[in-house]
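# Remarks on the overall topology
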Amino acid sequence: MTVRDPTPVPEHPSLEEVYEATPFSEAFWTYVNYIILNIFGWFRDFLRRTRIENRKGSAEYNPSGFVPLYQSYESFYTRNVYQRIADCFNRPIGGVPGGKLDLMERVTEDYNWSFNFTGNKITTINLGSYNYLGFANNNGPIADNVIESIKENGLATASSTQEFGNLKQHRKLESLVAQFLGTEDAIAFGMGFATNALNISSLCGKGCLILSDELNHTSLVLGARLSGAVIKVYKHNDMKHLERLLRDSIVSGQPRTHRPWQKILIIVEGVYSMEGSLCKLPELIELKKKYRAYLYLDEAHSIGAMGSRGRGVVDYWKCDVNDVDVLMGTFTKSFAAAGGYIAGKKELIDHIRINSHACAYAISMSPPVVEQIISVLNLLIDDDETREGRKRINQLAWNTRYFRQRLSKMGFIVYGHPHSPVVPALLYSPSKIAAFNREMLKRGVSVVTVGFPATPLVLGRVRFCLSASHTKEMLDDVLKYAEEVGDLLNMRQSKLNPKKPFHETELIAH
Amino acid sequence: MNVGIAQGERNPNSSWLNSRGVWLTYIILLFVLHFILLSIPYITTPVAWTLTTTIHNICSFYLFHLVKGAPWETSDQGRARRFTFWEQIDNGVQWTGTRKFLQILPIILFFIASFYTKYDRTHFVINLATMLLAVVPKFPIFFGVRLFDINRY
């Protein structure tokens, strides 16, 4: 990736996204890292195959005369790279993942093949949860509401929405969501992944065209594939490529018959969680109007977290809500619940109510979860600045700008939009991923580090997820520790923002 | 392990050779191998060059044309399991930049080795043989071909 030119956006005072090019030395040492891991991987696999070493993972029995079910080469990466750093992933937690998190301490005797709990709990500052507005807690007025609703409505509806699963509460939730977003109507589902996977097929089918961003989430990819439409992928946030694809597709029509497409759906996300980038909504709306396509906006990470009133990227870019045809979002992140919704015009929602697979076959949302979301929405709809909802939204926005500014001024290479609460800082190599994770844990901060194959090969990163429940002191501590660990791992190599020590990076009001 | 993949890339094996700095790293590591061979006292320069080309070509033949599938569970439902690494590059599209680079490199090595061995006959035969081993399977005509059913499944 090269440093891109700032994207010109009409009449919006926002800032540009900069993706600094990978320094060659980092790429080189990352490849050497992988080569050494590969050489040792082949050597250890050879030892395991000749039974000089005990095979600790489970392996297929392979009786003669039967075709093997799995290629053992497919688990090469898992055995030889992932297993070495497996103590950095899937850590069991011992409490609610709020601003601070209790981790269960565990030790391993045999190099991460098995773990034992010591019984201690490590209290850490939690930068790994999607707890954007800080609503993840198990006591307080919202939790009391939830417990009341269990007594009234039970734990589960045990029925699909089209049968007996539609309670008064669900309708109340849906009208609140519609009021929150400013659309005519909305519908809610029990699972966020399923909202995408099962509903795109009720919008598109054979004869339709889906234009999907390169970095769309697996649920959108699955939903698009299940629908049976033709899928074309455009480069991430590249509006010129999208326009070229639109023009070429409209001119040539459906494959083989060249008939015109029944409809064209552009699927984008509000905030992309691996890059921290925002979609370019004004340009998308302009393109969609010019070529008469429909726009599907997945606001999983941006609803509640972006915008001056917390209404998502549409609020952030100050666009008209009626211009986006299908607004989708999840309640898992900012609302500290579970489930997803789709909002839009009343005709669209009525159509989905009848035709959606999720409404016909999937169980509707569980009543306590509905109550949680209703309570949070009541707080967020309130526009009063002194009340809880707005205070949290403002706190998150302040945290985001503060943390991102200081982190990039300290010399870290940070991707993404300056106002997105997801902050990826690049680590590049798999060993550094493990080292950063463990060093920060020693200092009492839990972070999420990701590597290949969830990210491109050389671009391993640490992804900080900010929350309204982080105070300035917590963020300062994290930044100081990140500075120490960054120096240990030689991460602070940005050429655009040459590294400065922590006390020299003051905040400029944004 | 595949949880948390945010992208729809079906087989990352197809595109990692296009990442930043791979080609230069490849050349640098080849020279590192050569310098290691040069520093062994009983090996003269011509022998070192022939050894470098031989080791490079044999390893490249094994890694590109004998090993099949990918070292991860790909999300393409096993479509790439029967294909060698060479066939997976860029999802089978021929004559891309990476493929051209990887095809030209053994030929250039052959030229350099011929020069440094002063066109001696034994060295020539060895270098030519390994160069053909490395270059011929990369032609598009051999895409998906398994001679004598070796390595078919």
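The structure presented is a predicted model; accordingly, all values stated were derived computationally and were not measured. (Residues numbered from 1 in each chain as written. Chains lettered and ligands numbered in written order. Predicted model: local features only at pLDDT ≥ 70, side-chain atom pairs only at ≥ 80, totals over all residues. Heavy atoms only, no water.)

### With respect to helix H1 (residues 24–49) of chain A
In this model, H1(A) (26 residues) spans 37 Å end to end at C-alpha, consistent with the 38 Å of a helix rising 1.5 Å per residue. Remark: Arg51(A) follows H1(A) within two positions and exhibits a positive phi of approximately 60°. (Helix = DSSP H or I, 4+ residues; strand = E, 2+ residues; numbered from the N terminus. Expected span 1.5 Å × (residues − 1).)

### Brief notes about the packing of aromatic side chains
For the coordinates displayed, the defined rule picks out 30 aromatic pairs over all chains. With 6.3 Å between their ring centres and 40° between their planes, Tyr130(A) and Tyr132(A) make a pair best called tilted. Both rings, one in Trp16(B) and one in Phe85(B), keep their centres 6.0 Å apart while their planes meet at 10°; by these two values the pair is stacked. With a gap of 69 residues between them, Trp16(B) in the segment before helix H1 (22–38) and Phe85(B) in helix H3 (residues 85–88) connect regions that are remote in the sequence. Given the relative accessible area of 12%, Phe85(B) is considered buried. (Phe/Tyr/Trp six-rings, centres within 6.5 Å; stacked < 30°, edge-to-face > 60°. Buried < 20%, exposed > 50% of the residue type's maximum accessible area, 1.4 Å probe, protein only.)

### Quick notes on the UniProt feature "transmembrane region" (unreviewed entry) in chain B
Residue and element names in this part refer to chain B. Residues given the UniProt feature "transmembrane region" (unreviewed entry) here are residues 21–43, 101–119 and 125–148. Taken end to end, residues 21–43 has its terminal C-alpha atoms 31 Å apart, with 74% of it in helix and 0% in strand. Between the end C-alpha atoms of residues 125–148 there is a gap of 25 Å, over a span that is 46% helix and 0% strand. (UniProt positions renumbered as here; feature names shortened; annotations may be inferred.)

### Details of the pattern of salt bridges
Residues and elements named next belong to chain A. Under the definition given, this model contains 24 salt bridges over all chains. Here Glu26 makes a salt bridge to Lys432, at a shortest N to O gap of 3.2 Å. Within this pair, whereas Glu26 is found in helix H1, its partner Lys432 is found in helix H14 (residues 430–442), the two being separated by 406 residues in sequence. Relative accessible area serves as the criterion here: at 17%, Lys432 is assigned to the buried category. One salt bridge connects Lys151 with Glu148, and the closest N-O pair in it is separated by 3.9 Å. Here Glu148 and Lys151 lie together in helix H3 (residues 141–153), a separation of three residues that amounts to about one turn. With relative accessibility at 41%, the residue Glu148 sits in the partly exposed group. Via salt bridges that share partners, Arg44, Asp45, Arg48, Glu53 and Arg79 belong to a single interconnected network. (Salt bridge = Lys/Arg side-chain N within 4 Å of Asp/Glu carboxyl O.)

### Details of the interface of chain B and chain A
The partner chain A presents 32 residues to the 29 residues of chain B that form the contact. Taking both partners together, chain B and chain A bury about 2800 Å²; carbon and sulfur atoms supply 63% of that area. For the interface between chain B and chain A, the tally reads one salt bridge. Close ionic contact of Arg81(B) with Glu74(A) constitutes a salt bridge, the shortest N to O distance being 2.5 Å. At the junction of chain B with chain A, the criterion picks out four residue pairs in polar contact (both at pLDDT 80 or more). Mapped by element, the contributors of at least two residues to the side of chain B that touches chain A are H1 and helix H2 (45–66) of chain B. (Contact = heavy atoms within 4.5 Å. Buried area = accessible area lost by both parts, 1.4 Å probe. Polar contact = N/O pair within 3.5 Å; in protein donor to acceptor, adjacent residues only side chain to side chain.)

### Comments concerning the UniProt feature "domain: Aminotransferase class I/classII large" (unreviewed entry) in chain A
The feature "domain: Aminotransferase class I/classII large" (unreviewed entry), as given by UniProt, occupies residues 124–480 of chain A in the numbering adopted here. Between the end C-alpha atoms of residues 124–480 of chain A the distance is 15 Å, and the span holds 43% helix and 16% strand.

### Topic: the domain arrangement of chain A
The assigned domain composition of chain A is domain 1 (31–86), domain 2 (93–132 + 387–506) and domain 3 (141–381). If you average the C-alpha positions of domain 1 of chain A and of domain 3 of chain A, the two centres end up 41 Å apart. (Domains from an automatic or database assignment.)

### Quick look at the packing of H1(A) against H1(B)
Running from amino to carboxyl end, H1(A) crosses H1(B) at an angle of 60°, the nearest separation of the two axes being 10 Å. In the crossing of H1(A) with H1(B), the sense of the turn from one axis to the other is right-handed. The residues of H1(B) that touch H1(A), namely those facing Phe24(A), Phe28(A), Tyr31(A), Val32(A) and Ile35(A), are Val22(B), Leu24(B), Thr25(B), Ile28(B) and Leu29(B). Of the residues contributing to the contact of H1(A) with H1(B), the split by class is nine nonpolar, one polar and no charged. (Axes fitted to C-alpha atoms, helices over the stretch in contact; angles between N-to-C directions. Left-handed = near helix turned anticlockwise from the far one by under 90°. Nonpolar A, V, L, I, M, F, W, Y, C, P; charged D, E, K, R; others polar.)

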